[in-house]
Amino acid sequence: MSDPRTPLLKVRDLSVTFGTKRHPVSAVAGISFDVYEGETLGLVGESGCGKSTTGKAIMRIVEPTGGTVELEGRDITTEKGRALRQLRTRLQMIFQDPISSLNPRRRVKDIVAEPLDCWKSVTGDERERLVQDLLSKVGIDPLVYGNRYARQFSGGQCQRISIARSLAMRPKLLICDEMVSALDVSVQAQILNLLEDLKNEYGLTLLFIAHDLAVVKNVSDRVAVMYLGKICEIGPSDTLYEDPEHPYTKFLLGAALEADVDSPVHGDVLEGEPPSPLNPPSGCRFRTRCPNATEKCASEEPLLQEIAPGHQVACHYPLRTLARR
Amino acid sequence: MSDRLLEVRDLATTFATAGGPLPAVGGVSFDLNQNETLGIVGESGSGKTVLSRTIMGLQPRTNVTVSGSARLNGFEVVGASEEAKRGIWGTEVAMVFQDPMTSLNPVMRIGKQIDEVLRVRLGMDKAAAKARAIELLELVGIPSPVERYRAYPGQLSGGMRQRVVIAIALACSPKLLMADEPTTGLDVTIQAQILNLLDRLKSQLQMSVILVTHDLGVVATRTSRIIVMYAGRVVETGSTRDVFQNHRMPYTRALLESSPKVASHSHTRLQAIPGRPPNLMKLTAGCAFAPRCAYATERCHRERPELTAAEGPGHAFACWNPLPTTRGAS
Ligand SMILES: Nc1ncnc2c1ncn2[C@@H]1O[C@H](COP(=O)(O)OP(=O)(O)O)[C@@H](O)[C@H]1O
Ligand SMILES: Nc1ncnc2c1ncn2[C@@H]1O[C@H](COP(=O)(O)OP(=O)(O)O)[C@@H](O)[C@H]1O
Ligand code: SF4
Ligand code: SF4
Ligand SMILES: [Mg+2]
Ligand SMILES: [Mg+2]
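For every chain, the first residue of the written sequence is number 1, and numbering continues from 1 along that sequence. Each chain gets a letter, beginning with A, and each ligand a number, beginning with 1, in the order they are written. For a predicted model such as this one, the threshold for reporting local features is a pLDDT of at least 70, and the threshold for listing and counting side-chain atom pairs is 80 or more; totals across whole chains, interfaces and linings nevertheless cover every residue. Hydrogens and water are ignored here; the side-chain numbers use all heavy atoms of the structure.

Some points on the environment of E70(A)
Point 1. Counting from the N terminus, the helices are DSSP H or I runs at least four residues long and the strands are E runs at least two residues long. With respect to the helices, strands and loops of the structure, E70(A) is situated in strand β4 (residues 66-71).
Point 2. Ignoring sequence-local partners within four residues, the contact set of E70(A) consists of L8(A), L9(A), K10(A) and D75(A). In this analysis, two residues are considered to be in contact whenever any of their non-hydrogen atoms come within 4.5 Å of each other.

Okay, here's the thing in structure tokens:
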């Protein structure tokens, strides 16, 4: 890779297979990418393509069936016991359903302090001060709301509390899985702006997983597009959205609905639905829906290849190359 | 007017709850013409679903008070008996909900579910109903309809199930199709397929469509007129173009500006709306948006603005301090 920066997170050939030996579900099928320090890498794709599984495998909430995940040079997939737990404090994950991911019967300040209590890393006074600081940072007045129970909060406020908790151990990498998908647009904008501010303030690196293309573009420096357990394309956000090279990326962007009366009325709609991960197509996994597919696409898997600095695509016939011919 | 299909006047729906009366819809008026597609947009809790269900006459029997009028092709829905309403459901108006599983019976083959409607409502015999059901499955773009006729809902994807629900809604050729968040929760490519399908069916079958959604992107290119709701009321209405490009009510603008755009550069700062929608049980006498509005003045907190006509055809907004018009500016 031509990027001179060293990656904070280095994912190589990561795979996760669910199901049984006879009926394996290939949810993540050998994906590789880097996340550089201080950047936000967006991960988009339609439901079932393996985004959450990727996030969980990095966290080892699900066990990878193959590949490596290096955080600051240490392979998370081989660590055990205390070393693993310690490494895990360096990464945190925030989930979609803000209400169910917080214990409704606990007080807000105890929820935020959970990671601190778990590591017994601070004294009582320090704990109090840290929690107050974190809650203030996410826009929740600790003196007014700190003693209330999580069930008394709206979705947006719960998501603020989740963010505060995730920051308690000062993680390096934050994995956000559909964290604003359940929120209304007005609240979603508040949370996205908050995330941008905290990212700068805490020097965070983000892996931002979502199915909403506009949301992902808004927060990401680079974006990776997944389809059926594979990465189709990775590139700088603006380039990838303006000049997608993979046919699937192009269809996905074409289907996105823009809140604009003059946005083009969608002509090219991707037909059909993704095949089952129980029985993925040979060669290129997108070939059953791709208008450009040839015999080569059925027999040979396209590998992720760099076609411009920092822009990689897994397609035998990248679109701009095709256009030039 | 002869081509008017639906007339809604001062329609209000209030639930009696343990905490007191909850005015979910607080006096809504609008008209819908034949072959028109109207969008109803607003954040969750703004009363879109309750409004749609009230227009359909679908309300819980207890704890609800409905006032005002909703005339569908001359039939007054408000106060009508269940039996009278059953006469218009399916033939005059049909509804598609967000979650197709709420409308489908999970243990009954989908073909049977369509057959049943055709036989009970249209008095078709078994063979005719089956033939028509397969035709309907084909109409809504279900591949291999003859085989799928025998499938159970659980064997279909979310997008396919929504197509089945649409097929059932169309079984008795309704004049008005109400689609409440029909694509929410579906993937973008499937969403585009379903919205294109609704567009096609609307022209093919000469229906009117009410598209209810929290997503401005869904209505931007698929409706001719829009109603924007906030806290149970219409705060702005007009042609889709006027609402998007010449909105006068600050909430409409705030809603448009707070959503991220695919066309904007990454890291564009979003214009978030502070706070959140009001508790409907604690509404004040003023404008419901006042606590969040950057333009609020003293009067806004005291007195609620009524809908006021703007220049555009059918364009009206409810605001004491409207944004300047952009008409004639470009
Ligand atoms: N615990 C599990 N057991 C079996 N299959 C799973 C499990 N979790 C996810 N899957 C399957 O793996 C695939 C990828 O799922 P997921 O990572 O949740 O996708 P996404 O987050 O992109 O929607 C899907 O086909 C899903 O059904
Ligand atoms: N059966 C009911 N009893 C009491 N309150 C209800 C009932 N149905 C809806 N509501 C309330 O009415 C308001 C409007 O809800 P709804 O129409 O579903 O909003 P939207 O569809 O715009 O998200 C909400 O505050 C909701 O909690
Ligand atoms: S490799 Fe072939 S099938 Fe796959 S996206 Fe490229 S052209 Fe289409
Ligand atoms: S009436 Fe006042 S508070 Fe309401 S939208 Fe207009 S300016 Fe804002
Ligand atoms: Mg997911
Ligand atoms: Mg609703």
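After that view, the rundown keeps rolling.
So, helix α3 (residues 108-119) of chain A
All names here are of chain A.
Point 1. Burial in α3 covers these residues: V108, D110, I111, V112, A113, P115, L116 and W119.
Point 2. On the buried face of α3, the contacting elements are α2 (81-88), α4 (124-137), α5 (142-145) and α6 (155-167).
Point 3. Immediately downstream of α3, the backbone of K120 shows phi near 45°, a positive value. Relative accessible area decides the class of each residue, using a 1.4 Å probe on protein chains only: under 20% of the type maximum gives buried, over 50% gives exposed, and in between gives partly exposed.

A word on the pattern of salt bridges
Point 1. What makes a salt bridge here is a side-chain nitrogen of Lys or Arg within 4 Å of a carboxyl oxygen of Asp or Glu, nothing more. Counted by the stated rule, this structure contains 33 salt bridges over all chains.
Point 2. Linking K172(A) and E37(A) is a salt bridge whose minimum nitrogen-to-oxygen distance equals 2.7 Å. With K172(A) in the loop between α6 and β7 (173-177) and E37(A) in the loop between β2 (24-36) and β3 (40-44), the pair connects residues that are 135 residues apart, well separated along the chain.
Point 3. Look at K172(A) and you get buried, because its relative accessible area is 18%.
Point 4. Through salt bridges with shared partners, one network takes in E298(B), R299(B), R302(B) and E303(B).

Some words on the sheet that holds strand β7 (residues 176-180) of chain B
Strands in a sheet are paired, the pairing made by backbone hydrogen bonds, and the direction either parallel or antiparallel.
Residue and element names in this part refer to chain B.
Point 1. Here eight strands make up an open sheet; going across it, the order is β6-β7-β8-β3-β9-β10-β12-β11 and the pairing mixed. In this open sheet, the two edge strands, each paired with only one partner strand, are β6 (93-96) and β11 (308-309).
Point 2. One bridge is not enough; two strands pair if DSSP finds at least two bridges between them. As paired strands, strand β3 (residues 37-41) and strand β8 (residues 208-213) are joined by five bridges and run parallel to one another. Looking at the pairing, I40 lines up with V212 of β8.

Quick look at the site of ligand 2
Residue and element names in this part refer to chain B.
Point 1. Only heavy atoms are used to decide nearness, and a residue is near a molecule or strand if one of them lies within 4 Å of it. Residues in contact with ligand 2, as listed here, are F15, L22, A24, E43, S44, G45, S46, G47, K48, T49, V50 and L280.
Point 2. For ligand 2, an oxygen atom lies 2.8 Å from a polar atom in the side chain of K48.
Point 3. By the criterion applied in these results, polar contacts are pairs of N or O atoms within 3.5 Å in which, for protein atoms, one can donate a hydrogen and the other can accept it, and in which residues neighboring in sequence qualify only through two side-chain atoms. Here an oxygen atom of ligand 2 and a backbone polar atom of V50 are 2.8 Å apart.
Point 4. Accessible surface area values rest on a Shrake-Rupley calculation with a 1.4 Å probe, where residue burial reflects the displayed protein chains alone. Contact with the protein chains covers 65% of the free accessible surface of ligand 2, which is 570 Å².
Point 5. For the shell around ligand 2, the elements supplying multiple residues, two or more each, are β2 (20-33) and α1 (48-56).
Point 6. A total of three residues in the shell around ligand 2 trace back to one element, the largest contributor, which is α1.

Focus on the state of the cysteines
Residues and elements named next belong to chain A.
Point 1. Cysteine sulfur atoms are paired as a disulfide whenever they fall within 2.5 Å. What the rule picks out here adds up to zero disulfides over all chains.
Point 2. The thiol of C232 is unpaired, and the distance to the nearest cysteine sulfur, on C284, comes to 7.1 Å.
Point 3. Classification of C232 by relative accessible area gives buried; the value is 4%.
Point 4. Look at C284 and you get buried, because its relative accessible area is 13%.

Here's the deal with the interface of chain A and chain B
Point 1. Contacts between chain A and chain B engage 46 residues on the former and 45 residues on the latter.
Point 2. The three residues of chain A that bury the most area against chain B are L257(A), V261(A) and E273(A), which together make up 17% of that side's buried surface.
Point 3. Where chain A packs against chain B, one counts two salt bridges.
Point 4. Across the salt bridge formed by R269(B) and D197(A), the nearest N and O atoms sit 2.9 Å from each other.
Point 5. Applying the counting rule to chain A against chain B returns 25 residue pairs in polar contact (both at pLDDT 80 or more).
Point 6. The greatest single-element share of the side of chain A that touches chain B, amounting to 10 residues, is contributed by helix α7 (residues 185-202) of chain A. Accessible area that two parts lose when put together, evaluated with a 1.4 Å probe and summed over both, is termed the buried area.

Remarks on the site of ligand 4
Point 1. In the region of ligand 4, 13 residues are neighbours, and C287(B), C293(B), C300(B), C319(B) and W320(B) sit closest.
Point 2. Across the shell around ligand 4, the residue classes break down as 12 nonpolar, one polar and no charged. Classification convention: Asp, Glu, Lys, Arg as charged; Ala, Val, Leu, Ile, Met, Phe, Trp, Tyr, Cys, Pro as nonpolar; all other residues, Gly among them, as polar.

Some points on unusual backbone geometry
All names here are of chain A.
Point 1. At D13, a residue that is not glycine, the phi angle is positive and equals roughly 50°.
Point 2. Within the secondary structure, D13 sits in strand β1 (residues 7-19).
Point 3. Of note in this structure, L228 is not a glycine but carries a positive phi near 50°.
Point 4. The topology assignment puts L228 in the loop between β9 (222-227) and β10 (230-236).
Point 5. Residue classification places L228 among the buried positions, given a relative accessible area of 5%.

Some remarks on the packing of α4(A) against α7(A)
Residues and elements named next belong to chain A.
Point 1. α7 packs onto α4 with a crossing angle of 135° between their chain directions and a minimal axis gap of 11 Å. Comparing the axis directions of α4 and α7 gives the class oblique. Across from D133, L134 and K137 in α4, the residues of α7 making contact are L194, L198, E201 and Y202.
Point 2. Within the contact of α4 with α7, the residues separate by chemical class into four nonpolar, no polar and three charged. In this analysis an axis means a line fitted to C-alpha atoms, helices contributing only their contacting stretch, and an angle means the value between N-to-C directions, from 0 to 180 degrees. Should an angle fall under 35 degrees it is called roughly parallel, over 145 degrees roughly antiparallel, and 65 to 115 degrees roughly perpendicular, with every other angle called oblique.

Considerations on the packing of aromatic side chains
Point 1. Between rings of Phe, Tyr and Trp, where Trp is taken as its six-membered ring, a pair exists when centres lie within 6.5 Å; planes separated by under 30 degrees are stacked, by over 60 edge-to-face, and by other angles tilted. Considering all chains together, one arrives at seven aromatic pairs over all chains under this definition.
Point 2. Judged by centre distance (5.9 Å) and plane angle (65°), the rings of Y145(A) and F153(A) are edge-to-face.
Point 3. Here F153(A) falls in the buried class, since its relative accessible area comes to 7%.
Point 4. A ring pair is formed by Y230(B) and F289(B), whose centres lie 5.3 Å apart and whose planes are at 85°; its orientation type is edge-to-face. Highlighted residues: Y230(B) in strand β9 (residues 225-230) and F289(B) in the loop between α11 (250-258) and α12 (298-302), separated in sequence by 59 residues.
Point 5. By relative accessible area, which is 3% here, F289(B) ends up buried.
Point 6. Among the aromatic residues, those joined into a ring-pair cluster are Y227(A), Y248(A) and F286(A).
Point 7. Note on criteria: charge over ring means Lys NZ or Arg CZ within 6 Å of the ring centre, with the direction from the centre no more than 35 degrees off the ring normal. If you follow R85(A) out to its NZ or CZ, it ends over the ring of W119(A), 5.4 Å from the centre.
Point 8. Over the ring of W320(B) we find R299(B), and its NZ or CZ is 3.5 Å from the ring centre.

Concerning the sheet that holds strand β8 (residues 205-209) of chain A
All names here are of chain A.
Point 1. Strand order in the open sheet formed by eight strands is β6-β7-β8-β3-β9-β10-β12-β11, with mixed pairing between adjacent strands. The sheet is open, and its two borders are formed by β6 (91-94) and β11 (305-308), each paired with just one other strand. Ignoring strand direction, the axes of neighbouring strands in this sheet form an average angle of 20°.
Point 2. As paired elements, β10 and strand β12 (residues 311-313) share two bridges and run antiparallel to each other. Across the sheet, I234 pairs through a bridge with Q312, a residue of β12.
Point 3. α7 rests against β3, β7 and β8 of the sheet, and its axis sits at about 155° to β8.

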